[in-house]
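Descriptive analysis of the structure
Residue strings, one per chain:
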Amino acid sequence: MSLLPRFFSLFVLALTAIPFVGWLVLICADFLSLDDCLSPQPGWLAFALITSLSLTLPPVLHGWPDETRPLRDIVKETARAMLFSFALFALVFLAGARPFFHWLGLPSLMLPMTALFLAPLLSCPLLYISYKTAAALLPRPGPDTPRPLAVRTFGVLSMILLLVLVFHGALLPGDHPVPLIHSNRAGMIAAAWRFFALRHVLVVCGNAGFVPAWGGCCLISVLDMLRALPGAGATELMILGVLFALMTASCACLLFPSSRRWLR
């Protein structure tokens, strides 16, 4: 079976799993009396969506390029990785969420917005856990040849992108408590972590399944950069232009024929 039918088969699995896992996350919050799963607040809905995406997408992205196994086995192990990842999340969440919110000392009215604020940071370990679970259930050998020039160039461009993303606040004139891209520091840190993790999976592991994820993260960041365009000064526009150029060039490197042949 070619890669395209495998991709769409697992894409359908993800579309089915995302709302289901999100509903289970809301049930966990309801069980702890943090919110009502039947009429949740917008903050908890966003928290459930981000958590669900973090638990379901990495197994799908890891599994779809695998041509060494039948599609039935890939779908079964991908769904099992989602289940194991959610079970671990639920165990930690049920054990630690209420003590954590009690430690913060916040009133109940602020819990939905706090959950929304923490969701991007929480997604970082969840993405790692779900990917590692999928890699353990569906092990695949990486590339056995040296990295081609396009992949090495991607490694350099992606590292520069990370550095500019993390330290661009130091280049801005005056006091800028809010980063140019993403609405707060937590979102910016989470975005930088995702770029770093994807760079590792692509450059070091050679996993072709995460090429769409790199493009998707770049697209989300570009759309968020549009928010900073109105009223941006010369320095802000220069930084946004550098970030856009780095994202575009890095995506182009992954689409080179030599990169597609090397990535597995």
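Look up a bit, the structure's there.
Summarised in this report is the structure supplied together with it. Starting from 1, residues in each chain are numbered consecutively following that chain's sequence as written. Totals for whole chains, interfaces and linings use every residue, but because this is a predicted model, local features are given only for residues with pLDDT of at least 70 and side-chain atom pairs only at 80 or more, for both listing and counting. In computing side-chain values, all of the structure's heavy atoms are included and hydrogens and water are not.

1. As for the nonpolar core
Put simply, the rule reads: Take the buried Ala, Val, Leu, Ile, Met, Phe, Trp, Tyr and Cys residues and link them wherever side-chain atoms come within 4.5 Å; each set so joined is a nonpolar core. Partly exposed residues are those whose accessible area sits between 20% and 50% of the maximum for their type, while under 20% is buried and over 50% is exposed, using a 1.4 Å probe and protein chains only. Helix and strand assignments follow DSSP, with helices taken as H or I runs no shorter than four residues and strands as E runs no shorter than two, numbered in order from the N terminus. What makes two residues a contact is simply this: any of their non-hydrogen atoms within 4.5 Å.
Core analysis: the largest hydrophobic core is formed by 44 residues, its most contacted members being F195, F210 and W214. Of all the secondary-structure elements, those providing two or more residues to this core are α1 (3-31), α2 (42-63), α3 (71-104), α5 (149-171), α6 (185-203), α7 (211-225) and α8 (234-254). Setting aside residues no more than four positions away along its own chain, F210 makes contact with P58, L61, H62, Y131, L198, V201 and L202. Residues A29, F47, F86 and A97 belong to the second largest nonpolar core, which totals 22 residues.

2. Re α3
What counts here: Helix span, expected: 1.5 Å multiplied by one less than the number of residues in the helix.
Helix length check: α3 (34 residues) gives 46 Å between terminal C-alpha atoms against 50 Å at 1.5 Å per residue, within 8%. Looking one or two places after α3, you find G105, whose phi comes out positive at around 70 degrees.

3. Brief notes about the side chain of T133
The criterion, for reference: By the criterion applied in these results, polar contacts are pairs of N or O atoms within 3.5 Å in which, for protein atoms, one can donate a hydrogen and the other can accept it, and in which residues neighboring in sequence qualify only through two side-chain atoms.
Note that T133 resides in helix α4 (residues 111-137). Of note is the side chain of T133, whose polar atom sits 2.7 Å from the backbone oxygen of I129. Excluding anything up to four places from it in sequence, T133 contacts A81, F84 and S85.

4. Concerning the environment of S54
Relative to the assigned elements, S54 resides in helix α2. Judged by relative accessible area, S54 falls into the buried class, the value being 4%. Placed 189 residues apart in sequence, S54 and L243 show a C-alpha to C-alpha distance of 24 Å. Contacts of S54, omitting those with residues within four sequence positions, involve S123, L126, L127 and S130.

5. Some points on unusual backbone geometry
Glycine aside, residues mostly have negative phi angles, and peptide bonds mostly take the trans form. Of note in this structure, S33 is not a glycine but carries a positive phi near 60 degrees. Relative to the helices and strands, S33 resides in the loop between α1 and α2. Under the relative-accessibility criterion, S33 is labelled exposed at 59%.

6. Overview of the pattern of salt bridges
Our working definition: A carboxyl oxygen of Asp or Glu within 4 Å of a side-chain nitrogen of Lys or Arg is what we treat as a salt bridge.
Using the criterion set out here, one finds 4 salt bridges in the structure. A salt bridge links R80 to E77, with the shortest nitrogen-to-oxygen separation between them at 3.5 Å. On the criterion of helical spacing, the pair formed by R80 and E77 is a turn pair, its members being 3 residues apart in helix α3. Since its relative accessible area comes to 35%, R80 is described here as partly exposed.

It is worth stressing that arrangement in space is one thing and function is another; only the former is reported here.
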